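# Structural overview for review
Here are the chains, one letter per residue:
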Amino acid sequence: MLRAGVDIGGTFTDLCVADGDATVGVGKTLTTPRDPSEAVETVLVETLGRIGAGLSDLELVVHGTTLVTNAIIERRGAQTALLTTQGFRDSIEIGREKRYELYDTLVELPRPLVPRHLRFDVPERTLADGSVAVALDEPYVERLATELAESGVEAVGISFLHSFTNPAHEERAREAVLRAAPELRVSLSSEVVPELREYERTSTTVANVYVQALVDRYLSDLSARLARRGFAGRLYVMLSSGGIATVETARRFPIRLLESGPAAGALAAAAFGRASGQADLLSFDMGGTTAKLCVVGDGAPLVAADFEVDRVYRLKRGSGLPVKLPVVDMIEIGVGGGSLAGVDALGLLKVGPRSAGAEPGPVCYARGGVQPTVTDADLVLGYLDPDFFLGGQMALDVEVARSAIERDVARLLGLSVEEAAWGIHTIVNENMANAARVHAVERGKDPAGLPVFAFGGAGPVHATGVARALGAAAVVAPRGAGVMSAFGFLTAPLSFDFVRSWRCELERADLDEVDRFLAQMEEEGVALLGEAGLGPEELTHDRFADIRYVGQGHEVRVPLPPGELRDVGELVERFEREYDRLYGRRGPRVPVEAITWRVVSSGPRPQLQSANGGAPAGSAPLRGTRRAWFPALGGYVETPVYDRYALEPGFRFEGPAVVEERESTLVVGPGDEASVLDDLSVRVEIGR
Amino acid sequence: MDPILVEVLSNRLVSIVNEQQAALVRTAFSTVVRESEDLACGVFDARGRMVAQSLTGTPGHINAMATGVRHFLAAYPPETLRPGDVLLTNDPWQTSGQINDITVVTPVFAYGRVVAFFANTCHTADIGGRILSAESSEVFEEGLRLPIMKLFSGGEPNRDLLAIVRANVRTPDETVGDLYAQSACNDVGARSLVKLLDEFGLESIESLSDEIVSRSEQAMRAAIAELPDGTYTHESWSDGFDEPIRLAVAVTVAGDELTVDFAGSSPQSRYGINLVLNYTHAYASFATKAALAPDVPHNEGSFRPVRVTAPPGSILNCLEPAPVGTRHLIGHLLPGVIFQALAPVLPERLIVTGADATWLTIWRGAEEDGRPFSLTIFQSGGTGARATKDGLAATGFPSGVAGVPAEVIETLTPLVQHRRELRVDSGGTGRFRGGLGQVTEMACRSGLSWSVSTLIDRTRVAAGGFGGGGPGALGELSLSTGEPAQPKSVLRVAPDARVVLAPPGGGGYGSPRERDPEAVVADVVDGYISLDSARRDYGVAIEYVGAPDRIVRTPDLFQVDEDETRRLRAGAAGLLPTTAASVPQSSP
């Protein structure tokens with residue numbers, strides 16, 4: 001039986017098919033935005049047909065989509081209302097009361113998903129200790145729900161203060177809403193994200209219910225369409241955390257589908273790393289408009305507890321809607337092949353964050369682009385082949401790229417065209433390395449120790465440069481760089497994350513109570529994953545506590561030892577060790593408290609070999625040479641060009657060199673040494 | 001130096017300073033630092049010149065730190081320092097003008113000598129003395145003053161100093177915990193800077209800082225040179241403590257240099273609302289950069305072409321031992337005064353006067369079991385409208401500090417916040433509307449008496465509009481018991497009383513009669529403005545046609561009377577609301 005991973009991206013829908021632990025087919029087709037399930041059907045039928053199979057041969061389809069992200073960015077979700085504690089209907093608009101950019105007087109704040117006229121105060125109040133100060137006015141909620149339904153509202157988020165401590169009012173408000181208007185969809189903040197801080201919790205709850213109908217409809221369409229083609233296996237959905245879940249779970253918590261495609265790229269990196277004995281690495285995905293970097297530790301991507309969607313200002317932190325959910329911890333920066341280069345008021349070269357996008361695209365596409373881009377620089381430097389871009393589907397015009405760089409950069413800086421192009425290439429690499437460095441350091445990792453795992457159309461072109469800037473020792477470039485997310489889906493275990501806020505000073509904690517609810521959370525995991533056919537013996541439960549010194553506002557995530565918690569001293573020691581690693585010193589002598597407790601329940605992790613898409617072609621690996629610019633060698637040098645599809649395991653070569661495949665080109669710098677691994681990825685040792 | 005290398009290295013420095021700030025926020029103890037981010041981080045070269053600053057934070061701290069580090073170098077020349085040393089001070093005249101702001105400076109060592117300094121300034125939760133308010137009459141009452149001295153010496157904490165601090169403050173764990181966080185984050189920055197030197201084979205950052213500083217200076221000069229030469233003046237008023245305070249500015253552009261002179265402003269006050277020149281300079285240079293060159297990096301170079309002066313002994317250049325505790329209330333108004341002065345030559349980046357001063361309140365009392373609590377909260381009113389768009393509701397400007405979530409307030413203390421919502425009609429009317437203020441209401445559930453110190457402004461002098469725009473609503477402070485409440489003082493509150501704080505709205509831009517009627521309708525539907533204001537101020541006649549007892553009032557239930565609107569807008573030209581002349585109202 002076969003398994004398929006399908007990633008619906010903004011432009012392409014990618015497919016990866018596996019049989020046992022081997023990849024047997026990959027495919028790509030244009031995304032069909034009006035009904036995305038159409039492209040899924042197309043790519044499945046075509047690709048399976050090529051290997052003489054059909055949808056009835058699939059036992060499993062794992063699927064990820066940008067549907068949720070796009071629905072929020074384009075404001076295409078349901079007509080949504082919000083019910084809050086009396087006096088707090090503006091908390092999603094007031095936010096944190098601060099600007100994310102100090103000097104720009106023209107900044108805008110993220111626009112809430114629910115406009116003010118659909119946000120309602122409800123008479124009720126729960127206090128911080130969970131006690132009720134004002135009873136919930138249920139008749140009022142019923143009246144409100146009736147009017148909402150009449151007014152065309154389809155979805156209702158309910159977020160009351162302190163509901164993570166006592167969810168009773170939210171639950172009763174939901175009952176009241178459904179009594180009056182059973183057709184409304186309702187999300188409770190105490191179920192979506194039971195954590196402290198009302199702005200972030202409310203924003204997440206609203207986003208969840210805002211996209212729920214859309215996701216529901218989409219998943220129904222997809223199931224029906226696959227069934228018509230004879231698919232009788234299980235359909236799973238990729239989550240932002242890097243786990244997968246059943247369709248039923250996805251319907252309840254659709255916000256957890258956010259950013260699932262990019263998350264899977266990082267999973268693929270982790271899977272390659274595990275297969276080649278590299279448990280720690282830096283996943284580096286660079287496309288046309290953005291680059292995404294993620295630290296993989298101990299064979300799995302790091303997971304963060306929050307995220308921002310729809311950043312309105314240069315992808316800057318604080319300019320998006322906050323969403324609290326477990327999400328593969330990536331940093332996304334506005335740098336890609338289409339990023340525009342120019343000279344700023346200081347007379348310094350700047351690249352990005354503005355991008356030429358796909359239209360008009362880089363100057364060398366000759367589709368009307370005027371200002372030079374990163375791709376133009378890469379072309380002038382000889383890293384890209386003007387006649388073999390996208391496997392030769394598109395010819396690039398070197399001369400117009402040169403004259404744009406000459407006009408907009410070289411002349412203003414007094415450099416040659418090649419020096420200017422090299423500057424653009426280098427600054428982009430540096431900017432990505434800087435972002436990666438801050439990201440890694442904030443997580444207590446030293447980026448210099450991590451090999452760079454490169455994919456995406458522009459990733460391999462820049463990977464050795466980024467590795468140099470980071471001081472990393474090696475780059476790994478897999479084959480099939482264009483379908484990494486689809487591949488990643490097939491390496492993800494079934495899993496789900498559970499969170500409980502329970503604040504206690506460790507020295508005085510009631511550990512029996514903690515054990516009791518941790519066990520209860522594990523049982524929830526058993527039940528939820530049981531729906532997917534997994535037995536309790538197949539599951540693992542990883543447990544964590546978010547701990548801090550009493551008085552701090554941010555926690556450090558500490559893994560808990562297995563079994564019942566008995567030794568407070570050990571917990572404190574685990575925390576302080578982690579704290580010291582992150583910040584270089586332990587804190588002052590004050591008590592330590594835990595705030596949030598987490599359980600990640602997971603099924604077994606599937607084994608899978610690379611997404612290589614076929615054996616080496618058997619032809620000569622060296623395709624020829626072309627001039628490429630390497631300052632370390634004094635400028636242009638005749639550089640060997642290798643055919644990616646002809647490289648056999650064990651083949652070795654030295655830089656400078658370029659390796660061409662359909663979706664991308666790997667640049668190997670002077671002094672670097674490359675070798676082809678058993679899974680056909682190329683590993684480059686960076687020369688110093 | 002190769003311009004591409006300069007760009008690479010300067011980006012690297014900014015990213016290192018951001019690492020420093022992230023570590024500070026994550027390790028801090030007080031809500032002031034960890035929730036509100038009342039802080040600044042920066043890196044300085046071996047000569048003490050600021051080369052890069054973190055991307056967010058508080059302008060007053062950033063710029064005052066930039067000038068303050070020189071005093072550290074004077075007190076402890078680099079050759080007297082050794083690895084593991086960490087210095088601090090909170091001297092108002094040397095750093096950011098308030099005894100509650102502690103600046104921590106750490107030298108970075110490489111090749112056996114000092115190659116740079118990392119510094120940060122944070123508002124500490126408590127530093128002893130009176131509870132922070134404007135009521136002191138000398139700086140000595142405002143807390144424990146720490147001259148420049150060592151916090152750590154060769155890696156060992158200065159135990160005598162910490163013991164003195166602990167013995168003098170109400171929140172020893174927070175105050176000392178934050179000092180540890182301030183030291184740890186400088187270490188994080190230093191660690192990365194040393195790596196950078198190593199990677200690029202640099203022995204110092206001096207030639208890099210020369211490049212960054214001189215290029216920034218040139219860019220700032222070029223931006224100034226674009227303005228027509230001349231002197232631009234404006235005068236505005238702060239509530240003051242007992243009487244209004246005049247803020248007069250003359251901005252003179254001469255070629256590529258700019259002078260900001262505050263001559264004509266009120267003399268220094270006997271209350272704690274005075275600014276040291278360092279702090280005046282900080283907000284004046286913030287304003288000139290935001291107005292002229294927001295994208296130029298902020299460092300020593302961008303300060304150079306801007307000169308800031310104020311007469312000694314005036315409210316903006318006070319002399320020792322003047323009390324300075326609530327200097328931010330006037331400092332935050334300075335950018336608005338400068339923007340208004342430059343308005344005739346700043347069409348696009350103009351921001352109209354807004355709430356400006358961050359509302360800072362310190363809440364004290366006891367838990368039911370008698371344990372004391374103390375909590376500092378920041379709140380923001382609305383910003384002024386911009387020349388092309390509305391102002392921002394309940395958002396700080398010029399300050400970059402954040403609010404504190406109700407759930408955090410209530411988890412840390414027995415305080416209960418009963419309301420935190422936008423204030424209808426509080427934004428100044430205009431073609432572009434001023435940002436709305438907010439209204440909050442606080443109670444305490446321990447059943448014991450409690451107090452709040454309210455450091456607030458614009459309860460008497462509103463934020464004026466511009467070009468026919470209306471003023472923002474005044475801020476309000478009241479007690480549910482109806483007792484009088486004097487801003488900038490400590491208020492004792494009865495156990496069951498509530499404190500209502502309503503930060504002001506921002507001023508509007510252009511005549512409200514020119515506002516797009518559809519935008520007026522949308523504002524009415526969302527309750528940002530009332531039906532009355534739509535008619536009276538904007539000249540748009542809107543009727544609500546739904547049932548009177550309906551809760552859900554969707555856009556289709558509001559109808560515009562087109563004829564009446566045309567009549568109102570045509571006939572009312574002479575009845576335009578006047579721009580709030582910034583004239584002080586009578587003193588209380």
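Everything below is about the structure shown above.
Here is what the cut-offs are and how they apply
Residues numbered from 1 in each chain as written. Chains lettered and ligands numbered in written order. Predicted model: local features only at pLDDT ≥ 70, side-chain atom pairs only at ≥ 80, totals over all residues. Heavy atoms only, no water. Pairing = 2+ DSSP bridges. Helix = DSSP H or I, 4+ residues; strand = E, 2+ residues; numbered from the N terminus. Axes fitted to C-alpha atoms, helices over the stretch in contact; angles between N-to-C directions. Buried < 20%, exposed > 50% of the residue type's maximum accessible area, 1.4 Å probe, protein only. Lys, Arg positive; Asp, Glu negative; His and termini not counted. Salt bridge = Lys/Arg side-chain N within 4 Å of Asp/Glu carboxyl O. Polar contact = N/O pair within 3.5 Å; in protein donor to acceptor, adjacent residues only side chain to side chain. Contact = heavy atoms within 4.5 Å. Buried area = accessible area lost by both parts, 1.4 Å probe.

### Considerations on the sheet that holds strand 16 (residues 450–455) of chain B
All names here are of chain B. Strand order across the open sheet formed by 4 strands is 13-12-16-18, with antiparallel pairing between neighbours. The outermost strands of the open sheet, each flanked by one partner alone, are strand 13 (372–379) and strand 18 (490–493). Taking the axes of each pair of neighbouring strands and ignoring which way they run, one obtains an average angle of 20° across the sheet. As paired strands, strand 12 (residues 359–366) and strand 13 are joined by 8 bridges and run antiparallel to one another. Paired with tryptophan 363 across the bridge in strand 13 is leucine 375.

### A look at the side chain of A:Arg437
Take A:Arg437: it is sitting in helix 12 (residues 417–442). Although A:Arg437 lies buried, it forms no salt bridge, and the closest oppositely charged side chain, B:Glu199, sits 4.4 Å away as judged by the N-O distance. A distance of 3.0 Å separates the side chain of A:Arg437 from the backbone oxygen of A:Ala469, its partner in a polar contact. Those residues in contact with A:Arg437 that sit more than four places away from it in its chain are A:Pro447, A:Ala469, A:Leu470, B:Arg12, B:Glu19 and B:Glu199.

### Quick word on the interface of chain A and chain B
Every contact between the two is made by 84 residues of chain A and, on the other side, 98 residues of chain B. Of all residues in chain A, the largest losses of buried area upon contact with chain B belong to A:Glu97, A:Tyr103 and A:Arg585, amounting jointly to 11% of the total for that side. Seen at the junction of chain A and chain B, the total is 11 salt bridges. A salt bridge links B:Arg445 to A:Asp129, with the nearest nitrogen and oxygen atoms 3.5 Å apart.

### Focus on unusual backbone geometry
With an omega of 5°, the peptide bond between A:Gly655 and A:Pro656 qualifies as cis. The omega torsion across B:Phe397 and B:Pro398 is 5°, close enough to zero to call that bond cis. Secondary-structure assignment places B:Pro398 in the loop between strand 13 and helix 11 (406–412). A positive phi is found at A:Glu259, a non-glycine position, where the angle reads about 55°. By secondary structure assignment, the location of A:Glu259 is in the loop between helix 8 (247–252) and helix 9 (260–275).

### A look at the pattern of salt bridges
Inspection of every chain in the model, using the stated rule, returns 93 salt bridges over all chains. Residue A:Lys324 pairs with A:Glu195 through a salt bridge whose shortest N-O separation is 3.7 Å. A residue pair is termed long-range when its members are at least 10 positions apart, and A:Lys324 in strand 17 (residues 321–328) and A:Glu195 in the loop between helix 6 (189–192) and helix 7 (198–228) qualify at 129 residues. The class of A:Glu195 is buried, set by a relative accessible area of 9%. Between B:Glu407 and A:Arg201 there is a salt bridge; the shortest N-O distance is 2.7 Å. With B:Glu407 in helix 11 and A:Arg201 in helix 7, the pair connects residues from two separate chains.

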